[in-house]
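Inside the fold
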Amino acid sequence: MSGLLEQAASPEVLNSSWKYLRNDKAVWGTGISRKEMEKDFVFHIIKLADDLKTGQYKPDPVRFFPISKGDGKKRIISSLTLRDKLAQRAVLKVIEPLGENIFHPNSFGYRPGRNIDMAISKVREYVLCGFHWLLDADIQSYFDNIPQRCLLKKIKKLISDQKLLTIIKKWLDSGTISQGILSSPKGIPQGAILSPFLCNVYLTSWDNAMMSKSLTFVRFADDFIVFTKSQNDAEKAHKFVKKTLRKLGLFLNIDKTQVAHCSPKISFLGKKLPDTRKIKLYTPSS
């Protein structure tokens, strides 16, 4: 079987990936507009495929711009060229099945065949089963703070194609703002096609740590709820979550993290949680 990068550069995968992006109006590459690219469409696609297979591929410079968050703070978004988006979409298509083999079933964010409604349905299921105390949590600036070296180690366990690993590192280097020559590289580019997948790769070890302690949770990217049946257990879960995240170089956002009893006052993924006063607990039939 050919390597993953060769698969990503195949006509079938590039064609499928192009269909996903064909309405994207981004420039094709540095100094090449979308309109100019379309005049020599076949040439540019074949050139991209050849660059990927031969190791000549280099990402175009990334444009960064801020957007306002709901709390008034700014988030830095990476804007990629269409050429780089197509390359990332093709790579995602061939490595996504590898991730699906290791991702936890209670991880719902940015995965094929999964969505917010499914995550909310799982939340309601746990509440119906009597898990009324919860840790409603948010990771502090998750995409900006992922330690790249640790992330790359996890990616290497998943992907054996060295040429592809080199390209992924190039995407990480070009898609994040440098923190200084003496600091360890951190963050994954928000707005890049591959970033949500990398987010799930990095947090899978956290998912497994939760499972090892028999803690019930639902996660959607960097937003999650941990469910327990008592306030004391929820407080213990809070301590364990902080400890496991710290090992990953991550921290909870104290302004958006709380131990609370389930109620409609709490929202998850934009949806209000059930009112436990109106819930008839599920009891298995004898």
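Residues numbered from 1 in each chain as written. Predicted model: local features only at pLDDT ≥ 70, side-chain atom pairs only at ≥ 80, totals over all residues. Heavy atoms only, no water.

**What about the pattern of salt bridges?**
The condition that has to hold: Counted as salt bridges are all cases of a side-chain nitrogen of Lys or Arg within 4 Å of a carboxyl oxygen of Asp or Glu. Under the DSSP-based scheme used, a helix requires at least four consecutive residues in state H or I and a strand at least two consecutive residues in state E, with every element numbered from the N terminus. For every residue, the accessible area obtained with a 1.4 Å probe (protein chains only) is divided by the maximum for its type, and the residue is called buried under 20%, exposed over 50%, and partly exposed between those limits.
One pass over the full model with this rule turns up 10 salt bridges. Put simply, R34 and E38 hold a salt bridge, and the shortest N to O gap is 2.7 Å. In this pair, R34 and E38 are both assigned in helix α3 (residues 34–39), four residues apart and thus about one turn of the helix distant. Notably, a salt bridge pairs K122 with E125, separated by 3.3 Å at the nearest N-O pair. Of this pair, K122 and E125 both sit in helix α6 (residues 116–128), three residues apart, roughly one helical turn. Taking relative accessible area as the criterion, E125 reaches 37% and is therefore assigned partly exposed. Connected through shared salt-bridge partners, D60, R83 and D84 make up one network.

**A look at α6**
This is how it is decided: The length a helix should cover is 1.5 Å for every residue beyond the first. Here, the arc refers to the directions that run from the helix axis to the C-beta atoms.
In this model α6 runs 18 Å from its N-terminal to its C-terminal C-alpha over 13 residues, within 8% of the 18 Å that 1.5 Å per residue would give. Where α6 is concerned, the buried positions are A119, I120, V123, Y126 and V127. Down the axis, α6 shows its buried residues gathered within 120° of arc, on one side only. G130 lies just past α6 and shows a positive phi near 100°.

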